Amino acid sequence: MVLSDVLNVAKELSEKHRLKMTSPFIKPNPKILKKRDSWTQGGNRPIRIVVLGQAAVGKTALVVRYITRRFIGDYDPTLETIYKYSTYVDGDELQFEILDTAGQDDKAMTLEDKIRWGDCFIIVYSITDKCSFDEITRIKFLINHVHGLQNDKVKVGSSNDRKFEPPVMLVGNKKDLLLDRMVKPQEGENMAKMLGCMFFEVSTRESYAEVKTALDSLARECKKRFRSSASPGNLRRRISSGRLFSSDKKKSSDRRFSVDVMTETPRTTRRAAIYSE
Ligand SMILES: Nc1nc2c(ncn2[C@@H]2O[C@H](COP(=O)(O)OP(=O)(O)OP(=O)(O)O)[C@@H](O)[C@H]2O)c(=O)[nH]1
């Protein structure tokens with residue numbers, strides 16, 4: 001083994017260790033969380049996206065649709081996963097870690113811990129569920145609060161200082177359920193404008209293209225903010241996962257993405273229909 005190999009192994013081990021400390025299934029050490037890089041200093045590590053929202057709004061479906069192109073109808077609601085994902089944004093390869101949170105209570109890590117971990121955020125609501133829409137303000141307030149504590153440049157509510165706030169995207173999901181709609185597109189747009197978020201309405205079930213457009217926009221915004229991490233050749237570690245979709249492993253190898261499931265609960269996932277475009 002040459003010196004560069006040894007250094008690579010050491011680097012990988014330290015990276016794994018860091019991920020373990022921030023895993024949603026291990027109570028994080030507050031000292032380590034305090035030492036966490038500010039979101040404005042993404043450095044060379046992957047960009048962390050946290051997907052938030054009430055239970056059953058389609059958070060898991062959205063993330064899985066984006067990284068695998070598939071819609072999988074049924075998931076274990078208690079499953080929390082960090083997906084490692086790399087994609088090309090306007091010719092640059094970007095690496096992400098996407099934390100798909102469970103809408104149900106999680107005793108291992110508080111919502112604040114998860115928000116502190118993230119660099120940017122997706123708040124999902126269902127257009128058929130007014131409660132999930134009403135929840136947005138609370139989540140956004142919490143994001144501002146947690147990141148405001150870490151970065152004294154953040155002044156919540158001041159549009160001049162929005163550039164210091166982490167990128168947040170609002171996603172109204174399930175727009176295929178027209179007859180059950182409880183939140184109008186305009187209401188979503190107004191809310192996003194008021195909170196200074198990006199906004200998209202999508203049907204994760206019906207349209208991969210809509211999901212891709214939305215999440216690519218967030219990736220593009222992240223690229224702007226984390227320009228230093230976006231240089232080609234940086235953040236390169238392509239691993240395909242056999243754990244979540246072992247039967248799809250071969251098919252996915254010809255696509256321009258790589259997925260690595262970093263952590264998940266030992267529980268099995270229930271799955272029903274799988275739709276693919
Ligand atoms: N009709 C329709 N159903 C959807 C859509 N997206 C997700 N669903 C369904 O909504 C249900 C909840 O989806 P999940 O992805 O498990 O929701 P979640 O927000 O991750 O739920 P928790 O894990 O409990 O927080 C599932 O039955 C999905 O099939 C959509 O765009 N349209």
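About the cut-offs
Residues numbered from 1 in each chain as written. Predicted model: local features only at pLDDT ≥ 70, side-chain atom pairs only at ≥ 80, totals over all residues. Heavy atoms only, no water. Helix = DSSP H or I, 4+ residues; strand = E, 2+ residues; numbered from the N terminus. Buried < 20%, exposed > 50% of the residue type's maximum accessible area, 1.4 Å probe, protein only. Contact = heavy atoms within 4.5 Å. Areas by Shrake-Rupley, 256 points an atom, 1.4 Å probe, with all protein chains shown as cover. Polar contact = N/O pair within 3.5 Å; in protein donor to acceptor, adjacent residues only side chain to side chain. Core = buried A, V, L, I, M, F, W, Y, C linked by side-chain atoms within 4.5 Å. pLDDT = per-residue confidence, 0-100. Pairing = 2+ DSSP bridges. Right-handed = clockwise from strand over helix to strand, strands pointing away.

The next point concerns the overall build of the chain. The number of helices and strands found in the chain is 8 helices and 9 strands. Classification of the 277 residues of the chain by burial places 50% in the buried group. Considering only intrachain contacts with a sequence separation of at least 6, the fraction spanning at least 24 residues in the chain is 75%. When the accessible surface of the chain is split by element, carbon and sulfur atoms take 54% of a total near 13,900 Å².

Turning to the side chain of Thr60, a few remarks are in order. Here Thr60 lies in helix H3 (residues 59-68). Residue Thr60 is classed as buried on the basis of its relative accessible area of 16%. Looking at Thr60, its side chain comes within polar contact range of the side chain of Asp100, at 2.7 Å. Every residue in contact with Thr60, bar those within four places of it in the chain, is listed here: Tyr75, Tyr83 and Asp100.

Judged by nonpolar contacts, the single largest core of 33 residues is most densely connected at Leu62, Phe96, Ile98, Ile122, Met169 and Leu215. Elements with a contribution of two residues or more to this core: strand E1 (47-53), H3, strand E2 (70-72), strand E3 (81-89), strand E4 (92-100), strand E5 (120-126), strand E6 (168-173) and helix H7 (208-225). If you look at the next biggest cluster of nonpolar residues, it comprises 24 residues, including Trp117, Ile139, Met191 and Ala192.

Moving on to the confidence of the model for the chain. Averaged over every residue, the pLDDT of the chain is 71; the share at 70 or more is 57%. Across residues 229-260, confidence stays below pLDDT 50; counting only partners more than four residues off in sequence or on other chains, it has 71 contacts. Here residues 262-277 is a poorly scored stretch, pLDDT under 50, and it has 52 contacts once near neighbours within four places are set aside; other chains count. What the predictor reports for the complex is a pTM of 0.71 with an ipTM of 0.99.

We now examine the pairing of E6. For E6, a buried count of 6 out of 6 residues is recorded, marking the element as mostly surrounded by other parts of the structure. Covered by surrounding structure in E6 are Val168, Leu170 and Gly172 together with Met169, Val171 and Asn173, the residues of both alternating faces. Here 6 bridges tie E5 to E6, and the two strands are oriented parallel to one another. Following the sheet pairing, Val124 is matched in E6 by Val171. The parallel pair E6 and strand E7 (residues 198-201), bridged by helix H6 (residues 185-195), forms a crossover whose chirality is right-handed.

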